[in-house]
Amino acid sequence: MPPLKHFGEGLLRGLKITARHLGRKWITVQYPEQKLTMSRRVRGTDIIWDRESCISCRACERACPVGAIKMEVSRGEDKKLKTDDITVDLGLCIFCGLCIESCPTGVSIYIGYNYANTTYRCTHCATDKSGTSPSNGHCGELIRSNDELLPNDAVRPRSGYYRPERAGELPPQTLLVYQTTYGEDRRRKKESR
Amino acid sequence: MTLKTDHYVINIGPQHPSTHGVFRLRLTLDGEVIIDVEPIFGYLHRGMEKLAESRNYTKNIPLTDRLDYLSSMINNQAYCMAVEDLMKIEVPERAQYIRVIMAELQRISAHLAGVGFFLNDIGAFMTPMLYMFREREKIVELFDMVCGQRLNYNYMRFGGVAMDLPEEFLPALKKLLNEMPGFINEYDQLITTNEIVLARCKGVGVLPRELAINAATAGPVLRGSGIEWDLRKKRPYSVYDRFQFDIPTGENGDTYDRYMVRLEEMRQSVRILKQAVEQLPDGEYIGKAPKLIRPPAGETYTAVEGAKGELGFYVVADGSENAYRWHVRAPSLINLTALREMVIGWKVADLMAIFGSIDIVMGEVDR
Ligand code: SF4
Ligand code: SF4
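Only a predicted model underlies this, so the values are computations on that prediction, with no experimental measurement involved. (Residues numbered from 1 in each chain as written. Chains lettered and ligands numbered in written order. Predicted model: local features only at pLDDT ≥ 70, side-chain atom pairs only at ≥ 80, totals over all residues. Heavy atoms only, no water.)

Here we come to the overall build of chain A. A tally of helices and strands in chain A yields five helices and four strands. Across chain A, helices and strands are ordered from the amino to the carboxyl terminus as α-β-α-β-β-α-β-α-α. Across the 193 residues in chain A, those meeting the buried criterion constitute 36%. Intrachain contacts of chain A at a sequence separation of at least 6 include 63% that bridge at least 24 residues. (Helix = DSSP H or I, 4+ residues; strand = E, 2+ residues; numbered from the N terminus. Buried < 20%, exposed > 50% of the residue type's maximum accessible area, 1.4 Å probe, protein only. Contact = heavy atoms within 4.5 Å.)

What follows is the structure in structure tokens.
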């Protein structure tokens, strides 16, 4: 047993500290209405590959510790390597970023900044007067094809990785602009040589 | 009058909030008193060491993140140092400092989690743990800023670190360092002299000095027993010899001392961080290292002071791209070896306090 003189002291002190907390700023985020502020270097949950700049060297495939990237590469008529198929198994991927570091072009493969794969689909059901609300058995959004749902510039801007020219406009908290601008610089240097 | 009692065997775990993961304890009880305990682990075994022997050196860095996932940065550092030792790679000064900053931040965050869970175990329920996670969150945000991840950082590379510090990092770190002592004092006020904590921890689960040494324990468990042993001071690696800090030790080796050592270590880490930020030099963040690591045949054992004790990597290279043997000296596992002696004679409720004060992470126990 603790000495009697301490009795109740701990409780009072605890209450005092709790009371001090009542006036503090909240640190919880009301997700999904509010989104977290992510760092610019965040390694999100997309792997984005750019066909134009890829030189099909397969360095990313070799660098991947879990074998999530599978590439099929062949030589075209001009003897140049080209990628026939690339798949990234996001279920296997551990988002370590080693593929991105290994890419010699520096711009062909990126990790996007998206960290939540959920989206709202039924945003306008409640206000939709066109007769496609769920009560009629249809939902305007749910019957869209995958291609329509794929992000385009109007719906959801892709990460600055993918569009280096946009990287500057993106809010500072988003993504790995570094990698992009670094790769772009290198490419420009090469071209000007 | 004497009551005749039978011994009773019960299992705690593998799924139990107080076993800190999938860990099973088979207790033999006489009433409420523990007369024997047999720890059974292996439920989380992932064959990490074998896995690491089948991949090349660079691919093992993300593996080390997943050992003690509450101190991934320190694991990264220890492994990178082991390979650098094999390859004789020079690490630039700035990279050394960045590594020290990351390791000390990680130590604070690991101790915050450890102490928070420990208090949760002894029945403080959520409040202290949430307070501690509030600060841990700030540190995790700093890591997020530096490498883009919040748990498995994969930040260090052979010869340095993957990316330089972003410009917003140092101001944020300085702000945190100014706030941190205040937070630690707050925990101190809230917990240290709380009569329940005193009653539950003082004199409970004493680990005597000799046993602490003979069981090869390390870190706060060893220092709680009064032994001043810290690899950062006794066998300085990286740039630790340039900082001033103390090694906090306990006197009685009880649960309370182990808790106090952790609290004090956080203060010392803040001290080291302040000096490191001041001395941080300019320059390269990564040295010259080949893209494909192929160390010459040889072996190394490189140890650092992890948050839970001596964390060492034993790597045997045979001249190929893969390690021939890869072994981790995991502090959590070795600190557990002293558990039996600590809990015999105590009650089941005390077991939780004692077990919590060892601060283990199952990812490291079952590799
Ligand atoms: S991020 Fe890592 S695990 Fe994912 S595809 Fe790239 S290399 Fe593989
Ligand atoms: S490493 Fe880069 S350039 Fe090479 S195949 Fe992968 S994406 Fe293409």
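Structure shown, so let's carry the discussion forward.
Opposite the 33 residues of chain A that make contact, chain B presents 34 residues. Carbon and sulfur atoms make up 48% of the surface buried where chain A meets chain B, a total of about 2600 Å² over both sides. Per-residue buried area on chain A facing chain B is highest for Ile17, Arg41 and Arg43 of chain A; these three make up 24% of the total on that side. The interface formed by chain A and chain B holds one salt bridge in total. For Glu101 of chain A, the salt bridge goes to Arg157 of chain B, with nearest N and O atoms at 2.7 Å. Applying the counting rule to chain A against chain B returns six residue pairs in polar contact (both at pLDDT 80 or more). (Buried area = accessible area lost by both parts, 1.4 Å probe. Salt bridge = Lys/Arg side-chain N within 4 Å of Asp/Glu carboxyl O. Polar contact = N/O pair within 3.5 Å; in protein donor to acceptor, adjacent residues only side chain to side chain.)

With that settled, consider the site of ligand 2. Taken together, 13 residues lie around ligand 2, and Cys54, Cys57, Arg58, Cys60 and Cys103 of chain A are the ones closest in. When the residues that make up the shell around ligand 2 are grouped by side-chain class, the tally is ten nonpolar, two polar and one charged. (Near = heavy atom within 4 Å. Nonpolar A, V, L, I, M, F, W, Y, C, P; charged D, E, K, R; others polar.)

As a further point, take the sheet that holds strand β4 (residues 24-30) of chain B. All names here are of chain B. In space, the three strands of this open sheet follow the order β1-β4-β5, with antiparallel pairing throughout. Only two strands of the sheet have a single neighbouring strand rather than two, namely β1 (7-12) and β5 (33-40). On average, adjacent strands in this sheet sit at an angle of 20 degrees to one another, irrespective of strand direction. Pairing of β1 with β4, which is carried by six bridges, proceeds in the antiparallel orientation. Across the sheet, residue His7 finds its bridge partner in β4, namely Asp30. Relative to β4, helix α14 (residues 348-358) is tilted by about 145 degrees, and along the sheet it contacts β1, β4 and β5. (Pairing = 2+ DSSP bridges. Axes fitted to C-alpha atoms, helices over the stretch in contact; angles between N-to-C directions.)

The predicted coordinates ought not to be read in detail in places where the model reports low pLDDT. Residue and element names in this part refer to chain B. Per-residue confidence for chain B gives a mean pLDDT of 87; residues scoring 70 or more make up 100%. Averaged over each element, pLDDT in chain B is lowest for helix α7 (residues 195-201) (81) and highest for helix α3 (residues 72-87) (91). Here the prediction assigns the complex a pTM of 0.81, and the interface score ipTM is 0.77. (pLDDT = per-residue confidence, 0-100.)

We now examine the site of ligand 1. Taken together, Cys64, Pro65, Val66, Ile69, Cys93, Ile94, Phe95, Cys96, Gly97 and Cys99 of chain A make up the full set of residues adjacent to ligand 1. Partitioning the shell around ligand 1 into residue classes produces nine nonpolar, one polar and no charged.

Time to look at the pairing of strand β2 (residues 69-75) of chain A. Here seven bridges tie β2 of chain A to strand β3 (residues 81-88) of chain A, and the two strands are oriented antiparallel to one another. When the bridges of β3 of chain A are listed, Met71 of chain A appears paired with Ile86 of chain A.

Residues and elements named next belong to chain B. Within the open sheet, the three strands sit side by side as β8-β9-β10. Their pairing is antiparallel. Strands at the two margins of the open sheet, each flanked by one partner only, are β8 (298-305) and β10 (323-329). Averaged over neighbouring strand pairs, the angle between their axes works out to 10 degrees when direction is ignored. Pairing of strand β9 (residues 310-317) with β10, which is carried by six bridges, proceeds in the antiparallel orientation. Bridge pairing in β10 places Val316 opposite Arg325. On the sheet, α3 packs against β8, β9 and β10 and is oriented at approximately 150 degrees with respect to β8.

Moving on, we come to the packing of helix α5 (residues 127-147) of chain B against helix α6 (residues 169-192) of chain B. Residue and element names in this part refer to chain B. Running from N to C, α5 and α6 point in directions that differ by 165 degrees, and their axes come no closer than 11 Å. With respect to their mutual orientation, α5 and α6 come out roughly antiparallel. Of the two elements, α5 crosses α6, and the hand of that crossing is left-handed. Here Pro128, Tyr131, Met132, Arg134, Glu135, Lys138, Ile139, Leu142, Met145 and Val146 of α5 come into contact with α6, specifically with Phe169, Ala172, Leu173, Leu176, Glu179, Met180, Phe183, Glu186, Tyr187, Leu190 and Ile191. Each residue belonging to the contact of α5 with α6 can be placed in one class, and the counts come to 16 nonpolar, no polar and five charged. (Parallel < 35°, antiparallel > 145°, perpendicular 65-115°, else oblique. Left-handed = near helix turned anticlockwise from the far one by under 90°.)

Within the chain, Lys79 of chain A stands out as a residue other than glycine whose phi angle is a positive 65 degrees. Summarising the element assignment, Lys79 of chain A is placed in the loop between β2 and β3. Despite not being glycine, Ala216 of chain B shows a phi value in the positive range, around 60 degrees. Checked against the element boundaries, Ala216 of chain B lands in the loop between α8 (209-214) and α9 (220-224).

A contiguous nonpolar patch, built from Leu11, Leu12 and Leu15 of chain A and spanning about 340 Å² of accessible area, is present on the exposed surface. Within the secondary structure, Leu15 of chain A is located in helix α1 (residues 9-22). (Patch = residues over 30% accessible without salt bridge, like charges linked within 9 Å, V, L, I, M, F, W, Y side chains within 5 Å. Areas by Shrake-Rupley, 256 points an atom, 1.4 Å probe, with all protein chains shown as cover.)

Attention now goes to α14 of chain B. Taken across its eleven residues, α14 of chain B has ten buried, putting it largely inside the fold. Immediately downstream of α14 of chain B, the backbone of Asp359 of chain B shows phi near 60 degrees, a positive value.

A word on the packing of helix α4 (residues 93-124) of chain B against helix α11 (residues 255-279) of chain B. Residue and element names in this part refer to chain B. Across the interface, α4 lies against α11 with an axial gap of 9 Å and an inter-helix angle of 155 degrees. One element, α4, and the other, α11, form an angle in the roughly antiparallel class. Along this stretch, α4 crosses α11, giving a crossing that reads as left-handed. Along its contact with α4, which presents Tyr97, Val100, Ile101, Glu104, Leu105, Arg107, Ile108, His111, Leu112, Val115 and Phe118, the element α11 presents Thr255, Tyr259, Arg262, Glu265, Met266, Ser269, Val270, Ile272, Leu273, Ala276, Val277 and Gln279.

Moving on, we get to the side chain of His111 of chain B. Secondary-structure assignment places His111 of chain B in helix α4. When near neighbours in sequence (up to four residues on either side) are disregarded, His111 of chain B contacts Pro220, Arg262, Glu265, Met266 and Ala307 of chain B.

With that settled, consider the pairing of β4 of chain B. Moving residue by residue along a regular strand, the side chains alternate between the two faces of the sheet. All names here are of chain B. Counted residue by residue, β4 has five buried out of seven residues, so it is predominantly covered. Bridging between β4 and β5 involves seven bridges; their strand directions are antiparallel. Following the sheet pairing, Arg26 is matched in β5 by Glu38. The antiparallel hairpin formed by β4 and β5 contains two residues in its connecting segment, where Gly31 sits at a positive phi of about 70 degrees.

Glancing now at the environment of Met126 of chain B. Residue and element names in this part refer to chain B. Relative to the assigned elements, Met126 resides in the loop between α4 and α5. The class for Met126 is partly exposed, based on a relative accessible area of 34%. Along the primary structure Met126 and Arg262 are separated by 136 residues, whereas in three dimensions their C-alpha atoms are 19 Å apart.

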